[in-house]
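# Summary of the model geometry
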Amino acid sequence: EKLAIPESEWNEQSALITSTGQVEEAAILSTCNRFEIYFAASDPHEANARVMEFLQERSGLPVSVLRRNIFMLEGDDAVWHLMRVAGGLDSLVG
């Protein structure tokens, strides 16, 4: 709940994530059952740090709490996950 972003703010918040330059592209998916940020960057370490900074600012939670409660995928694993979500194969609702 602390991370949820209304659909009307997805573009604005994605632009905020990319505004510092560490993240080149970002897309947010936030529903009642999931919250995901997809992003692309040339330096994954800096990009991860920027996304964590964004999440900390948005939620007010310390990074230590965020790290214990989120998972990150990259490369083919992230693409595969996105395809499963888009296809309804990874639905959290039965």
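As shown above, the structure is provided for reference.
How each quantity is defined
Residues numbered from 1 in each chain as written. Predicted model: local features only at pLDDT ≥ 70, side-chain atom pairs only at ≥ 80, totals over all residues. Heavy atoms only, no water. Pairing = 2+ DSSP bridges. Helix = DSSP H or I, 4+ residues; strand = E, 2+ residues; numbered from the N terminus. Buried < 20%, exposed > 50% of the residue type's maximum accessible area, 1.4 Å probe, protein only. Arc of directions from axis to C-beta. Contact = heavy atoms within 4.5 Å. Axes fitted to C-alpha atoms, helices over the stretch in contact; angles between N-to-C directions. Parallel < 35°, antiparallel > 145°, perpendicular 65-115°, else oblique. Left-handed = near helix turned anticlockwise from the far one by under 90°. Nonpolar A, V, L, I, M, F, W, Y, C, P; charged D, E, K, R; others polar. 1 Å grid on protein atoms, 1.4 Å probe; cavity = no way out; pocket = protein on both sides within 12 Å on 5 of 7 lines; lining within 4 Å. Points joined across faces, edges and corners; volume = space filled by probe spheres on them.

## Here's the deal with the pairing of strand 1 (residues 25–30)
- Of the pairings in the sheet, the one linking strand 1 to strand 2 (residues 35–40) comprises six bridges and is antiparallel in character. Residue pairing in the sheet places Leu 29 in a bridge with Glu 36 of strand 2.
- Two successive antiparallel strands, strand 1 and strand 2, enclose a turn made up of four residues.

## Let's talk about helix 4 (residues 76–86)
- Within helix 4, burial applies to Ala 78, His 81 and Val 85. The buried residues of helix 4 all sit within an arc of 65° when viewed along its axis, so they share a single face. Among the exposed residues of helix 4, those pointing more than 90 degrees away from its buried face are Asp 76, Trp 80 and Ala 86.
- Downstream of helix 4 by a residue or two, Gly 88 has a phi angle that is positive, lying close to 75°.

## Some thoughts on the side chain of Gln 13
- Turning to its location among the elements, Gln 13 is positioned in helix 1 (residues 10–18).
- The class for Gln 13 is buried, based on a relative accessible area of 6%.
- Setting aside chain neighbours within four positions, we find Gln 13 in contact with Ile 5, Ile 28, Phe 54 and Arg 58.

## Regarding the packing of helix 1 against helix 2 (residues 44–59)
- It is the contact of helix 1 with helix 2, at a shortest axis distance of 9 Å, that shows an interaxial angle of 130°. Put simply, helix 1 runs oblique to helix 2. In this structure, the crossing between helix 1 and helix 2 has a hand that is right-handed. Counting all contacts with helix 1, which are made through Gln 13, Leu 16 and Ile 17, the residues of helix 2 involved are Arg 50, Val 51, Phe 54 and Arg 58.
- Here the residues of the contact of helix 1 with helix 2 are counted per class, giving four nonpolar, one polar and two charged.

## Observations concerning the layout of surface pockets
- There is about 850 Å³ of room inside the largest pocket.
- Lining of the largest pocket is provided by 31 residues; of these, Ile 37, Phe 39, Phe 71, Met 72 and Leu 73 occupy positions nearest its centre.
- If one sorts the elements of the lining of the largest pocket by residue count, strand 2 sits on top with six residues.
- Of the residues assigned to the lining of the largest pocket, the class counts are 21 nonpolar, five polar and five charged.

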